[in-house]
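Single-letter residue listing:
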Amino acid sequence: MKEMIRRFVEEFGVAGHEEPIRKVIADEIAGCTDDMYTDTLGNLIATRGPEDADATLMFSAHMDEIGLIVTHIDEDGFLRFSNIGGIQPHRMLDERVVFASGRIGTVGSERVDKIQNLKMEKLFIDIGCTSRDEARRYVEVGDAASFHRPLVDMEDRLLSKAMDDRIGCAVLAQTLKELDNPRNRIAAVFSVQEEVGLRGARTAAYQVRPDLGIALDVTGSGDTPKARRLDVSLGGGAAIKIMDRSLIAHPGVKQLLLDLAEGNDIKHQREVLEFGGTDAGAIHLSRSGIPSGCISIPTRYLHGPSEMVDYGDVRACVDLSRALCNADLSGISR
Ligand code: CO
Ligand code: ZN
């Protein structure tokens, strides 16, 4: 699974620019779906399992990652930019960024007295050009860039610029690979534009019309020095979402996930997140309401260039997702 994770996390796919990562994921799961298509917004939707199943279970893992977008190229060839998704300016400083074309740049800053004054508008990207005309041979206004960092395999732990949410995509792809004859009909959605407001999942859920919706996404952790209090830690297993800012998990879904984890000896923990949201926030408000929940992969240093996960937690999330594909969903009513 680690080689697939590497392929997923190292690929380019800033929100609204998911084509490269979509192609990698489509190639990866081609052999283990009944049907696969890309919808209007760019979501990759793969289905699997009996047409006449009692229930349709939708998983959503977002393909997009946070990034930058060029707003202006100055006479000396420096690029000004804005953020796509939530990035704090100090985490950009001196980072290398890469454009879809492969051109790499580094982020510099105007002189500031205090770190608090380091605002996005003080930063620029230097792509090694000395004039606007030269820079425009490689980059245009409106081009997007992501952090440029390879995967680091620390055996138990993995480090990458885009665990959020390629690790969820990898959990979903691996779940499809490990499924035999699932009891439920599975709609595996690799969604777009989560980082700018859960946009892809909204139209995907309307289209798929599931009986139950599950987001596979990262969550924070509270296990680093003087961290914000949060009862989630790396190595603690799959995190079962109780609540975040986008969703209060459906009680039946939450209980089913807890029961499945208990019954199958899958290491797990409960998650109450005081910030952020996931695709489940959009899914559960689709049509007349969809019972929804979220299986989260605990992650340190979110929305930075070095997001860290625990490989055991990743495996636990695959096991829990697979158990759900074969679970009796009849007790959960719309
Ligand atoms: Co995110
Ligand atoms: Zn995410």
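Counting buried residues in strand β14 (residues 238-243) gives five out of six residues, a clear majority hidden from the surface. As defined by bridge partners, β14 adjoins strand β15 (residues 268-272) across five bridges and the pair is classed as parallel. Looking across to β15, one finds that M243 is bridged to V272. Once you follow β14 into helix α6 (residues 251-263) and on to β15, the crossover reads as right-handed. Here two bridges tie β14 to strand β16 (residues 292-298), and the two strands are oriented antiparallel to one another. Looking at β16, one finds that A239 is bridged to S296.

For the cobalt ion (ligand 1), the protein coordination sphere consists of D164 (OD), E195 (OE), E195 (OE) and H303 (NE2), at 1.8 to 2.6 Å. For the cobalt ion (ligand 1), the four donor atoms in the first shell make angles of 54 to 145° at the metal, so the coordination geometry reads as irregular. In the primary structure, the donors to the cobalt ion (ligand 1) are separated according to the pattern D-x30-E-x107-H. The distance between the cobalt ion (ligand 1) and the zinc ion (ligand 2) comes to 3.3 Å, and D164 binds to both of them. On the criterion of sequence distance, the pair formed by D164 in helix α4 (residues 163-178) and H303 in the loop between β16 and β17 (307-310) is long-range, its members being 139 residues apart. A relative accessible area of 7% means that D164 is categorised as buried.

On to the packing of α4 against helix α8 (residues 311-325), then. Contact geometry for α4 and α8: axes closest at 9 Å, N-to-C directions at 50°. By the angle between their axes, α4 is oblique relative to α8. Of the two elements, α4 crosses α8, and the hand of that crossing is right-handed. Here I167, V171, Q174, T175 and E178 of α4 lie close against α8, whose contacting residues are V314, R315, C317, V318, S321, R322 and C325. Along the lines of polarity and charge, the residues of the contact of α4 with α8 split into six nonpolar, three polar and three charged.

The zinc ion (ligand 2) binds to the protein through H62 (NE2), D164 (OD), D217 (OD) and D217 (OD); the donor distances cover 2.0 to 2.6 Å. Between the four donor atoms coordinating the zinc ion (ligand 2), the angles at the centre fall across 51 to 152°, so the site counts as irregular. In the primary structure, the donors to the zinc ion (ligand 2) are separated according to the pattern H-x101-D-x52-D.

As enumerated under the stated definition, the model contains one aromatic pair in all. Ring centres of F78 and F124 lie 5.1 Å apart, and the angle between their planes is 65°; this geometry places the pair in the edge-to-face category. Of the two residues, F78 sits in strand β5 (residues 78-84) while F124 sits in strand β8 (residues 123-126), which places them 46 residues apart along the sequence. Looking at R103, its charged tip hangs above the ring of Y138, at a distance of 3.8 Å from the centre. Directly above the ring of Y206 sits R287, whose terminal nitrogen or CZ lies 3.9 Å from the centroid.

The next thing to look at is unusual backbone geometry. A cis geometry characterises the amide bond from D164 onward to D165, with omega recorded as 0°. Relative to the elements of secondary structure, D165 occurs in helix α4. For Q193, which is not glycine, the phi dihedral falls at a positive 55°. Relative to the helices and strands, Q193 resides in the loop between β12 (185-191) and α5 (199-208). A relative accessible area of 19% places Q193 in the buried class. Unusually for a residue other than glycine, R209 sits at a positive phi of about 50°. Along the chain, R209 turns up in the loop between α5 and β13 (212-219). Classification of R209 by relative accessible area gives partly exposed; the value is 47%.

Rules of the game
Residues numbered from 1 in each chain as written. Chains lettered and ligands numbered in written order. Predicted model: local features only at pLDDT ≥ 70, side-chain atom pairs only at ≥ 80, totals over all residues. Heavy atoms only, no water. Buried < 20%, exposed > 50% of the residue type's maximum accessible area, 1.4 Å probe, protein only. Helix = DSSP H or I, 4+ residues; strand = E, 2+ residues; numbered from the N terminus. Pairing = 2+ DSSP bridges. Right-handed = clockwise from strand over helix to strand, strands pointing away. Donors = N, O, S within 2.8 Å, 3.2 Å for Na, K, Ca; no water. Tetrahedral: all angles 85-135°; square planar, octahedral: opposite > 155°, others 65-115°. Axes fitted to C-alpha atoms, helices over the stretch in contact; angles between N-to-C directions. Parallel < 35°, antiparallel > 145°, perpendicular 65-115°, else oblique. Left-handed = near helix turned anticlockwise from the far one by under 90°. Contact = heavy atoms within 4.5 Å. Nonpolar A, V, L, I, M, F, W, Y, C, P; charged D, E, K, R; others polar. Phe/Tyr/Trp six-rings, centres within 6.5 Å; stacked < 30°, edge-to-face > 60°. Lys NZ or Arg CZ within 6 Å of the ring centre and 35° of its normal.

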